[in-house]
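Listed below, chain by chain, are the residues.
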Amino acid sequence: MKYPVTQHLNYAVLQLTGEVDLSESPNARKQILNHIKNKSNLLVDLSSVEYIDSSGVASLVEGFQTARAEQLEFALVGVSSSAMQVLQLARLDSVFTIYDSLDDVKE
Amino acid sequence: MIRLERIHLLSRADKLQPLRHFVRELAAQQGCCEENLDCMVMAINEACMNVIQHAYGGREDGEIIVEFWKDDEELLVRIYDFAEKVNLEGIKSRDLNEVRPGGLGVHIIHQVMDSVEYKNQADSVGNVLEMRKQLSMPVVCDAGTFENNKAKN
């Protein structure tokens, strides 16, 4: 899987795509943590995620916690319906900051 | 009950994607509504992931058998592993108020399936997970099974 990155305001925007399962979640986790290690506020774009399992969600939680410890911003954007189902089941939809689109993100 | 399929897979992460696609196709063929189909895919993926990570501890040569049974209204799935017997008392959902990575699989399985039962196999090694799901609940499906499942649990 490729991990396109763009910039929006003072955030790096990391896009996850396709199926983020046990095969892919170690790579997703590495990408997320690398951005935080580089002291970058991070938006994770989940609009093209077709499937995410609990290992993928764990990568997001780890990113969220690591960013908070580093006093960086971490949020999700454009969460696909399948990803939202899993976040709701895990009751994480109220833990993460979630934006519908980049237009909703303010500096 | 009629046995629909019995498939074997190795305890490897790359086996999960083809398994999910197989489950989706099989459940759809049996008339499973879209929402319940998502539930089945999610639960079977999480269950096999737990086998790979916890029962086999990341070993990639373990065997997993997934059986699919059906009666008029219900799909029954049995997932067998041949790892050390696990302590059944230790398999439980964690407190979701504690926000941390990991430990969500059991919770998700219980949320999306109608019944879930863990057993040790009768032989010296191995475990079985038995899960049931109604194939179709048209009215509930239209209203959103996930919300109903959440409310149920």
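Note: the structure precedes this text.
Quick caveat, the model's predicted, so the values are computed rather than measured. (Residues numbered from 1 in each chain as written. Chains lettered and ligands numbered in written order. Predicted model: local features only at pLDDT ≥ 70, side-chain atom pairs only at ≥ 80, totals over all residues. Heavy atoms only, no water.)

A word on the sheet that holds strand 4 (residues 74-77) of chain A. Residues and elements named next belong to chain A. What the five strands build is an open sheet, ordered 1-2-3-4-5; its pairing is mixed. Both edges of this open sheet fall to strand 1 (5-8) and strand 5 (97-99), since each of them pairs with a single strand only. The sheet shows a mean angle of 30° between the axes of neighbouring strands, taken without regard to direction. Looking at chain direction, strand 3 (residues 41-52) and strand 4 are connected through four bridges and run parallel. For aspartate 45, the partnering residue across the bridge sits in strand 4 and is valine 77. (Pairing = 2+ DSSP bridges. Helix = DSSP H or I, 4+ residues; strand = E, 2+ residues; numbered from the N terminus. Axes fitted to C-alpha atoms, helices over the stretch in contact; angles between N-to-C directions.)

Let us look at helix 2 (residues 34-55) of chain B. Residue pairs spaced three or four apart in an α-helix point in one direction, given the helix's 3.6 residues per turn. Residue and element names in this part refer to chain B. Spanning 22 residues, helix 2 covers 30 Å between terminal C-alpha atoms, matching the ideal 32 Å at 1.5 Å per step. Counting buried positions along helix 2 yields 17 of 22 residues, so the element is predominantly enclosed. One or two steps after helix 2, the chain reaches glycine 57, where phi turns positive at roughly 60°. (Expected span 1.5 Å × (residues − 1). Buried < 20%, exposed > 50% of the residue type's maximum accessible area, 1.4 Å probe, protein only.)

The next point concerns helix 1 (residues 16-29) of chain B. Here helix 1 of chain B spans 20 Å end to end across 14 residues, near enough to the 20 Å set by a 1.5 Å rise per residue. Those residues of helix 1 of chain B not exposed but buried are Leu16(B), Leu19(B), Arg20(B), Val23(B), Leu26(B) and Ala27(B). The arc enclosing the buried residues of helix 1 of chain B, seen along the axis, measures out at 135°, which places them on a common side. Exposed residues on helix 1 of chain B whose side chains face more than 90 degrees from its buried face are Glu25(B) and Gln29(B). Structurally, helix 1 of chain B contributes buried residues whose contacts are with strand 2 (11-20) and strand 3 of chain A together with strand 1 (2-10), helix 2, strand 2 (63-70) and strand 3 (74-81) of chain B. Downstream of helix 1 of chain B by a residue or two, Gly31(B) has a phi angle that is positive, lying close to 90°. (Arc of directions from axis to C-beta. Contact = heavy atoms within 4.5 Å.)

Here we take up the packing of aromatic side chains. With the rule as written, the count across this model stands at three aromatic pairs over all chains. Plain terms: the ring middles of Phe74(A) and Phe96(A) are 6.2 Å apart, the flat faces sit at 40° to each other, and that makes the pair tilted. Placement of the pair is Phe74(A) in strand 4 and Phe96(A) in the loop between helix 3 (81-89) and strand 5, with a sequence separation of 22 residues. What makes Phe74(A) buried here is its relative accessible area of 6%. With a centroid separation of 5.8 Å and 55° between ring planes, the pair formed by Phe22(B) and Phe68(B) is classed as tilted. Of this pair, Phe22(B) sits in helix 1 while Phe68(B) sits in strand 2, placing them 46 residues apart in sequence. Phe68(B) sits in the buried class, given a relative accessible area of 0%. An aromatic cluster is present here, built from Phe64(A), Phe74(A) and Phe96(A) joined pairwise through their rings. (Phe/Tyr/Trp six-rings, centres within 6.5 Å; stacked < 30°, edge-to-face > 60°.)

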